[in-house]
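The primary structure of each chain is shown beneath.
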Amino acid sequence: MNGLTKQQERAGHGIRLRDLLRSTQIRGIMLVVLATGFCLTLAALWTITRYANNNLELLGRTLAYNLEAPLVFNDAVAVQSILDTLATQEDLSYVRVQNADGTELGQSRNDTPVAVFMDHIANLLLEQPLHMQVTHAGEVVGALELRMQGRVLVQFLLAGGGLILLWLVLGVLMAACVSARLQQRISRPLDVLSEATRQITWSRNFAGRVPNSPILEFNELTKDINKLVAQVQQWHELVLHEKAELEHRADHDALTGLANRSRFEVAMQKALLHAMRQRGHFALLFLDCDGFKSINDSFGHAAGDQVLKKIAKRLQNSLRDDDQIIRLGGDEFAVVIGSIRSEQDVVRVAEKILVRMAAPIFLENAVLIDLTISIGIALYPQHGDNTQTLSKAADQAMYQAKRQRLGYALPEPGQAHMAAAGSVM
Ligand SMILES: Nc1nc2c(ncn2[C@@H]2O[C@H](COP(=O)(O)OP(=O)(O)OP(=O)(O)O)[C@@H](O)[C@H]2O)c(=O)[nH]1
């Protein structure tokens, strides 16, 4: 992993688009620069070589014209004088003049190291030495042999090399500029796109959307991603909704919407813990309808269901929001009331419930039902210090209330039998 950036680690081990674009750009521009430099050099070399060869021939003709008279008179001094003058003025490295018999009448040679070096370069490119005859009135009077120095050629090569180097530097600078521009115009929108996608995935914020891109293709991709995110969002919301519904169904009663038996232990533990911490009290009420079976038998199961729903509603209306109402099953309900200060508080609640339950229940088909309920009350810590003992105490009190038609009952302090209805500890 050494040498890899965090983004590379995240993206795996592939090359980044930005780097790929940059290297492709630089390679492309370098290739163009080198190719054009090479072609230009070839064209220029060809031109200069042709020019130099023509120049050599022109020089030969000029010399031949000037040497015509001295050669007719076989005047070696005049020949040498012309050679000295012309060879130093022109770019010549070697000139030799012979008369018609082949006798040498004059010679000029530049032997300096620079001239010798340039001579070698000129020999590579030019067709030399140039041999030329000197004629007079149609007769050959002598011959010339001459070579160019190649100074101009070397100057051209140096200048050309410098230009190519400059061209290369400019090419690299151009590549860097183009690459930076590309990064701005392609990589940045792509970075924005991938960052937004990553944010949505990581934060699971499916309400988020990828912003539009100035590049058409990226924009199409953005639209597709956003469509996909919208679908995922819908799916996610559906899953969340179903999950919530399943969770609700798991601990709620389908008929009344109250918490079901699975919540009873949780509610009791919560109330116990709170009361123990606060050194306070709480109450458990067990409620059971009297003769509910006869309602089912007389009016049908659907009517029984309606009655159970009304009872649940009346219980909710009689209690505070933070009191837990649980349907234990059938016609049995439990109520856990926290923050009880005294027994009178619970008694008042039980009486309030009984008053509400005493009102007749009207069913849809104009059936009127009179229903009574029995309530058993147990208080923490007086009647038990855990769920089991409190449940047992409340249950026994409820049966006591039912048997004696008391409405509600509490266990007597320190006794196995139940307290009488309305008794105060
Ligand atoms: N309609 C309806 N009836 C139910 C439901 N659950 C249980 N029951 C019925 O409720 C009745 C409860 O009967 P019991 O436990 O004998 O209660 P009861 O008739 O009130 O008798 P006591 O409690 O002794 O007064 C049974 O007939 C059950 O079939 C329900 O969800 N809907």
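For the chain, the name recorded in an unreviewed UniProt entry is Diguanylate cyclase, with Corticibacter populi as its organism.

Chemist: Whenever I open this one, the overall build of the chain confuses me. Can you help?
Modeler: A count of helices and strands for the chain gives 11 helices and 12 strands. For the chain, buried positions account for 37% of its 425 residues. When contacts within the chain are restricted to residue pairs at least 6 apart in sequence, those whose partners lie at least 24 apart make up 64%. Of the accessible surface of the chain, which amounts to about 25400 Å², a share of 58% is contributed by carbon and sulfur atoms.

Chemist: What is the right way to read helix α4 (residues 113-125) from this model?
Modeler: Quick reminder: α-helices carry 3.6 residues per turn. Residues three or four places apart thus point the same way. The terminal C-alpha atoms of α4, which comprises 13 residues, lie 19 Å apart, in line with the 18 Å expected from a rise of 1.5 Å per residue. Among all positions in α4, only Ala115, Met118, Asp119, Ile121 and Ala122 are buried. One side of α4 carries all its buried residues, which in axial view fall inside an arc of 165°. The exposed set on the far side of α4, more than 90 degrees from its buried face, consists of Pro113, His120 and Leu124. Buried-residue contacts for α4 involve β1 (92-99), β4 (139-148) and α5 (151-203).

Chemist: Is there a simple way to explain the sheet that holds β1 in this structure?
Modeler: By definition, the strands of a sheet pair up through backbone hydrogen bonds, in either a parallel or an antiparallel sense. The 4 strands lie next to each other as β2-β1-β4-β3, forming an open sheet whose pairing is antiparallel. Edge positions in the sheet fall to β2 (104-109) and β3 (130-136), since each has one partner strand and no second. Taken pair by pair, the neighbouring strands of this sheet meet at an average axis angle of 15°, ignoring direction. Note: β1 against β2, 5 bridges, orientation antiparallel. Paired with Val97 across the strands is Gly106, a residue of β2.

Chemist: Where do I start with the site of the ligand in this structure?
Modeler: Neighbouring residues of the ligand: 15 residues in total, closest Asp288, Phe292, Lys293, Asp305 and Arg327. With respect to the ligand, the backbone of Cys289 contributes an N or O atom lying 2.9 Å from an oxygen atom. In this structure, Arg327 approaches the ligand through a side-chain N or O atom, which is 2.8 Å from an oxygen atom. For the ligand, the protein covers 64% of the area, taking 660 Å² as the surface of the free molecule. Of all the secondary-structure elements, those providing two or more residues to the shell around the ligand are β5 (281-289), α8 (292-299) and α9 (301-318). Take the shell around the ligand: its biggest share by element is 4 residues, from α9. Taken together, the residues of the shell around the ligand sort by class into 3 nonpolar, 5 polar and 7 charged.

Chemist: I'm lost on the pairing of β3 in this one. Help?
Modeler: In the case of a regular strand, side chains alternate between the two sheet surfaces. Bridge count for β3 against β4 is 7 bridges, and the pairing is antiparallel. Within β4, the position partnered with His136 by the bridge is Glu139. The turn linking β3 back onto β4 is made up of 2 residues, and Ala137 within it adopts a positive phi angle of 50°.

Chemist: What is the right way to read the environment of Gln388 from this model?
Modeler: Here Gln388 lies in helix α11 (residues 387-403). Counting along the chain gives 120 residues from Gln388 to Met268, while the straight-line C-alpha distance between them is 9.9 Å.

Chemist: Could you clarify how one ought to interpret the pattern of salt bridges in this entry?
Modeler: Once the charged atoms of two side chains with opposite charge are near each other, the side chains can pair. The full count for this structure, using the stated rule, is 14 salt bridges. As a salt-bridge pair, Glu145 and Arg96 come within 3.6 Å of each other at their nearest N and O atoms. Residue Glu145 is located in strand β4, and its partner Arg96 is located in strand β1; the two are separated by 49 residues in the primary sequence. Residue classification places Glu145 among the buried positions, given a relative accessible area of 15%. For Arg96, a relative accessible area of 22% translates into the label partly exposed. Between Lys243 and Glu247 there is a salt bridge, with its nearest N and O atoms 3.5 Å apart. Remark: Glu247 and Lys243 occur in helix α6 (residues 216-251); sequence separation between them is 4 residues, near one turn of the helix. On the accessibility criterion, Lys243 (47% relative accessible area) is partly exposed. Within the structure, one salt-bridge network assembled from shared partners comprises Arg96, Glu104 and Glu145.

Chemist: Just to check I follow, could you spell out a nonpolar patch on the surface for this structure?
Modeler: A cluster of nonpolar side chains, contributed by Leu163, Leu166, Trp167, Val169, Leu170, Leu173 and Met174, occupies part of the molecular surface with about 680 Å² of accessible area. Looking at where Leu170 falls in the secondary structure, it is placed in helix α5.

Chemist: Honestly, the environment of Glu195 in this entry has me stumped. Any pointers?
Modeler: Mapped onto the elements, Glu195 comes out in helix α5. As for Glu195 and Val210, which are separated by 15 residues in sequence, their C-alpha atoms are 8.8 Å apart.

Parameters at a glance
Residues numbered from 1 in each chain as written. Predicted model: local features only at pLDDT ≥ 70, side-chain atom pairs only at ≥ 80, totals over all residues. Heavy atoms only, no water. Helix = DSSP H or I, 4+ residues; strand = E, 2+ residues; numbered from the N terminus. Buried < 20%, exposed > 50% of the residue type's maximum accessible area, 1.4 Å probe, protein only. Contact = heavy atoms within 4.5 Å. Areas by Shrake-Rupley, 256 points an atom, 1.4 Å probe, with all protein chains shown as cover. Expected span 1.5 Å × (residues − 1). Arc of directions from axis to C-beta. Pairing = 2+ DSSP bridges. Axes fitted to C-alpha atoms, helices over the stretch in contact; angles between N-to-C directions. Near = heavy atom within 4 Å. Polar contact = N/O pair within 3.5 Å; in protein donor to acceptor, adjacent residues only side chain to side chain. Nonpolar A, V, L, I, M, F, W, Y, C, P; charged D, E, K, R; others polar. Salt bridge = Lys/Arg side-chain N within 4 Å of Asp/Glu carboxyl O. Patch = residues over 30% accessible without salt bridge, like charges linked within 9 Å, V, L, I, M, F, W, Y side chains within 5 Å.

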